[in-house]
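For reference, the chains in residue letters:
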Amino acid sequence: MQTIIETLNKIFTESFKNAGYDADLGRVVVSARPDLCQFQVNGAMSAAKQYRKAPLMIANDVLGNIPENDILDEVNVVAPGFINIKVKDAFISQYLSEMATAENCGFAKLENPDTVVIDYGGPNVAKPLHVGHLRSAVIGEALKRMNRFAGNKVIADAHLGDFGLQMGLIIHELSCRQPNLPYFDESHTGEYPQNAPFSLKDLEEIYPYASAKSKEDEDYLTAARNATKDLQSGRRGYRALWQHIMNVSLQDLKRNYSRLDVDFDLWQGESDAEPYIPAMVQMMKDKGYACESEGALVVDVKEETDNAPIPPCIILKSDGSAIYETTDLATLVEREEKFHPDRVMYVVDKRQVLHFERVFRCAKKTGVTRPETTLSFIGFGTVNGKDGKPFKTRAGGTMKLSELLDTVEEKVTIKGEENIPADELLKLKQTIGLAAIKYGDLMNPIESNYIFDIDKFASFEGNTGPYILYTMVRIKSILAKLAAKNASHCEAPFFSVSHCEAPSFSVSHCEACNASRGNLPLQGQSPFTTFTTDSERELALTLIRFSHTLHEAVKKDAPSILCSYIYEIANKFNVFYHDKKILAEENETILHSLVALITLALRVLEINITLLGFKAPEKM
Ligand code: ARG
């Protein structure tokens, strides 16, 4: 299906062209003044300069050249040259009807899909996930789902931090604590023990201890650096120990991500880039890009247009070991070889912007990445506490992600909790808690900092995840009540919701008769009749923007666009719900139309929250 804007663009680009102006000026946008019109064209203002004519005259020329159509109800010209548009109710109904029968509510996948690698999550092995990792996971997951839904081929990679100094710190600390382990005996040639010599709890204690110590004790730090280097150059015992650290830590990471409903296609890490490093370094040397500077091997990435000095990109440290830049570049080599991507996106804390700027420049300059491949840094802002400083526990420490999830789940209060069985209640709180966290994050522009306000996020009122879920459950409950009232409804196609392939989009609307779930074809005519209230038209107008809005959100890498959109739908639905007593409607035809409308609203909401990465319960 064409998006609503594409449909209107056709008319107005033609109008501009017919009137003798550049067709492109006829692009339609959603109204900025919904009190005056539904859509608008602002091209007359930009045309004024180009054609040396008053915008009002241009707009009037256009008005006289609109091709015949069944779509427009009213078109007005308003000073200084706005073209205000209202479409016919019959057109809205027709569009809704097409959405209702089409797959994915009429959303057309991209004609030229891209292969996109999304690098997000970025957890560091052996360190617990903390609130700082929340945004990467939540935003990356949403971008993955949105891109995939749009038709792009997406490869999601966790890019574990598993090769850096933290590994050397743990290995060195273990060698201090348990020097007799075979991993430290260089003459050991046999197998190593199958079980790790530490538990997850031990690891969680060892890393912060070693990290703190390295900051005070120079020799300790040097020893840890040496251990890192030995690990990288393949010392057997260290590799075996490293594998234990990976196994223990990864299990925990996977548990945490699954609690967040975040999943990766690849759980690759910095260490996986290692085999690609030698040839890459050789290539950079051979082609004359890499040179020695203060013992290290570097590539100069300055550009004439730089306002501030950009330090060179370090490829190898003076001791020959790989660093963060090295593994990121070698990972690009690997990604190019394996996936030939059109785009690589990095969802990382915006404070790493300079690192990525240098890596991207180096990758392009040296040919690691093809000129036509887009490298995108999606830098996100900080999660702050109510005091405006980075979010901490009450005691002032960094909060572990698992603690954060526990706290939010505790905050969620549900009416009549005491009557809900404990396991059901727990699940419900998890579902609502996750929506609270994810929506609270995703509603902000990615680059902005935001305040993590648990009370606000978990509220059922206002611009929150739970409010969206509450609205969806309200629709489900109306549909269930109607279904129960009329057991013969199973024949009626408009009660059926699951048109989409994905099972999560299906709604068990009917308690009386589960068998009615499924894909009943829409028979005969459009169910949508004349709107009974203005609020009904308002809801309908919002729904017909679905495909357009989703395409915008994908194009701009902006899940926040989807959040604003579903908030608008929820608000419009709730106004309509208070205006119109749906359950009391006696006219069959009107009732069918109302049911079709709220069913579609529910489906649109369902698709959007799935893309944002959360789910709605059946009841709450
Ligand atoms: N592990 C890194 C950190 O915690 C984030 C990794 C981001 N991805 C990347 N390709 N560098 O800061």
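Because the structure is a prediction, the values reported are computed rather than measured.

Undergrad: Would you mind going over the overall build of the protein with me for this structure?
TA: Counting its regular elements, the protein contains 20 helices and 13 strands. Split into buried and exposed, the 620 residues of the protein put 53% on the buried side. Sequence separation of at least 24 residues holds for 74% of the intrachain contacts in the protein that already meet a minimum separation of 6. Here the protein has roughly 28000 Å² of accessible surface; of this, 50% comes from carbon and sulfur atoms. Here the protein contributes 68 positively and 84 negatively charged side chains, and the mean placements of these two sets differ by 2 Å.

Undergrad: Please explain the site of the ligand as it appears in this structure.
TA: Around the ligand, the structure places Asp 119, Gly 122, Asn 124, His 133, His 159, Tyr 324, Asp 328, Tyr 346, Val 348, Gln 352 and Phe 356. At 2.9 Å, a side-chain N or O of Asp 119 approaches a nitrogen atom of the ligand. At 2.8 Å from a nitrogen atom of the ligand is found a side-chain nitrogen or oxygen belonging to Asn 124. Among the secondary structure elements, those contributing two or more residues to the shell around the ligand are helix 11 (324-339) and strand 10 (343-349). Of the residues that constitute the shell around the ligand, the class distribution is four nonpolar, five polar and two charged.

Undergrad: How should the sheet that holds strand 6 (residues 153-157) be read in this particular structure?
TA: Two orientations exist for strands paired in a sheet by backbone hydrogen bonds: parallel and antiparallel. Taking strand neighbours across the sheet as the criterion, the four strands line up as 6-5-10-11 in an open arrangement whose pairing is parallel. Strand pairing shows two members of the sheet lacking a second neighbour, strand 6 and strand 11 (374-380), which therefore form its edges. Taken over all neighbouring pairs, the strand axes of this sheet differ in orientation by 20° on average, direction set aside. Two elements, strand 5 (residues 115-119) and strand 10, share four bridges in a ladder whose sense is parallel. Note on strand 10: the bridge partner recorded for Ile 118 is Met 345. Sheet strands touched by helix 5 (residues 131-150): strand 5, strand 6, strand 10 and strand 11. Its angle to strand 10, the strand with the most contacts, is close to 155°. Where helix 12 (residues 353-366) meets the sheet, it contacts strand 10 and strand 11, and its direction lies at approximately 175° from that of strand 11.

Undergrad: Is there a simple way to think about the sheet that holds strand 8 (residues 296-299) in this case?
TA: Strand order across the open sheet formed by three strands is 7-8-9, with antiparallel pairing between neighbours. Because the sheet does not close on itself, it has two edges, and the strands there are strand 7 (290-293) and strand 9 (313-316). With strand direction ignored, the average angle separating the axes of adjacent strands in the sheet is 45°. Relative to strand 8, strand 7 runs antiparallel, the two being bridged by four bridges. In the sheet register, Cys 291 faces strand 8, and the bridge partner there is Val 298.

Undergrad: Sorry, what's going on with helix 5 here?
TA: Since the α-helix turns once every 3.6 residues, residues separated by three or four places project in the same direction. In a regular helix each residue adds 1.5 Å, so 20 residues correspond to 28 Å; helix 5 covers 29 Å between its end C-alpha atoms and thus fits that length. By the criterion of burial, helix 5 is predominantly enclosed, with 18 of the 20 residues buried. Following helix 5 by one or two positions, Gly 151 has its phi on the positive side, about 110°.

Undergrad: In this structure, what is going on with the pattern of salt bridges? I would like to understand it.
TA: If you walk through the whole model with that rule in mind, you get 43 salt bridges. Arg 259 is paired through a salt bridge with Glu 409; the nearest N and O atoms lie 3.4 Å apart. In this pair, Arg 259 is assigned in helix 9 (residues 236-259) and Glu 409 in helix 13 (residues 401-411), connecting sequence segments 150 residues apart. Classification of Arg 259 by relative accessible area gives partly exposed; the value is 31%. Between Lys 302 and Asp 300 there is a salt bridge; the shortest N-O distance is 3.6 Å. Assessed through its relative accessible area of 34%, Asp 300 is described here as partly exposed. One connected set of salt bridges, linked through shared partners, spans Glu 141, Lys 144, Arg 145, Asp 261 and Lys 615.

Undergrad: It is not clear to me how the packing of aromatic side chains should be interpreted in this structure. Could you clarify?
TA: The geometry of an aromatic ring pair is captured by the separation of the ring centres together with the interplanar angle, meaning the angle of the planes. Scanning the model with the defined rule gives 22 aromatic pairs in all. Arranged with centres 4.9 Å apart and planes meeting at 85°, the rings of Tyr 21 and Tyr 51 form a pair that is edge-to-face. With Tyr 21 in the loop between helix 1 (4-18) and strand 1 (28-30) and Tyr 51 in helix 2 (residues 43-51), this pair connects stretches of sequence that are 30 residues apart. Of the residues examined, Tyr 21 reaches a relative accessible area of 6% and is grouped as buried. The class of Tyr 51 is partly exposed, set by a relative accessible area of 30%. Ring centres of Phe 107 and Phe 546 lie 6.3 Å apart, and the angle between their planes is 50°; on these two criteria the pair is classed as tilted. A residue pair is termed long-range when its members are at least 10 positions apart, and Phe 107 in the loop between helix 4 (89-101) and strand 5 and Phe 546 in helix 18 (residues 546-555) qualify at 439 residues. The pair formed by Phe 107 and Phe 546 is uniform in burial state, with each residue classed as buried. By way of ring pairs, the aromatic residues Tyr 120, Tyr 257, Phe 264 and Trp 267 are connected into one cluster.

Undergrad: Explain unusual backbone geometry to me, please; I cannot follow it from the model alone.
TA: Among all residues except glycine, the phi angle is most often negative; among peptide bonds, the trans geometry is most common. For the peptide bond that leads from Ala 79 to Pro 80, omega is 0°, which places it in the cis range. Relative to the helices and strands, Pro 80 is located in the loop between strand 3 (72-78) and strand 4 (82-87). Look at Cys 105: it is not a glycine, yet its phi comes out positive at around 55°. With respect to the helices, strands and loops of the structure, Cys 105 is situated in the loop between helix 4 and strand 5. Look at Cys 105 and you get buried, because its relative accessible area is 0%.

Undergrad: I'm lost on the nonpolar core in this one. Help?
TA: Proteins that are soluble and globular tend to have nonpolar side chains buried together. Among the nonpolar cores identified, the biggest contains 154 residues, and Leu 96 and Phe 452 are the most heavily contacted of them. Residue contributions to this core peak at 15 residues, all from helix 20 (residues 588-612). Ile 155, Ile 315, Cys 362 and Ala 363 belong to the second largest nonpolar core, which has 30 residues in total.

Undergrad: Which parts of the structure should I look at to understand the environment of Leu 329?
TA: You can see Leu 329 is positioned in helix 11. Using a relative accessible area of 0% as the deciding quantity, one classes Leu 329 as buried. Placed 48 residues apart in sequence, Leu 329 and Val 281 show a C-alpha to C-alpha distance of 10.0 Å. When neighbours within four sequence positions are excluded, Leu 329 is seen to be in contact with Met 280, Met 284, Cys 313, Ile 315, Val 359, Cys 362, Ala 363 and Val 368.

What counts as what
Residues numbered from 1 in each chain as written. Predicted model: local features only at pLDDT ≥ 70, side-chain atom pairs only at ≥ 80, totals over all residues. Heavy atoms only, no water. Helix = DSSP H or I, 4+ residues; strand = E, 2+ residues; numbered from the N terminus. Buried < 20%, exposed > 50% of the residue type's maximum accessible area, 1.4 Å probe, protein only. Contact = heavy atoms within 4.5 Å. Areas by Shrake-Rupley, 256 points an atom, 1.4 Å probe, with all protein chains shown as cover. Lys, Arg positive; Asp, Glu negative; His and termini not counted. Charge placed at Lys NZ, Arg CZ, Asp CG, Glu CD. Near = heavy atom within 4 Å. Polar contact = N/O pair within 3.5 Å; in protein donor to acceptor, adjacent residues only side chain to side chain. Nonpolar A, V, L, I, M, F, W, Y, C, P; charged D, E, K, R; others polar. Pairing = 2+ DSSP bridges. Axes fitted to C-alpha atoms, helices over the stretch in contact; angles between N-to-C directions. Expected span 1.5 Å × (residues − 1). Salt bridge = Lys/Arg side-chain N within 4 Å of Asp/Glu carboxyl O. Phe/Tyr/Trp six-rings, centres within 6.5 Å; stacked < 30°, edge-to-face > 60°. Core = buried A, V, L, I, M, F, W, Y, C linked by side-chain atoms within 4.5 Å.

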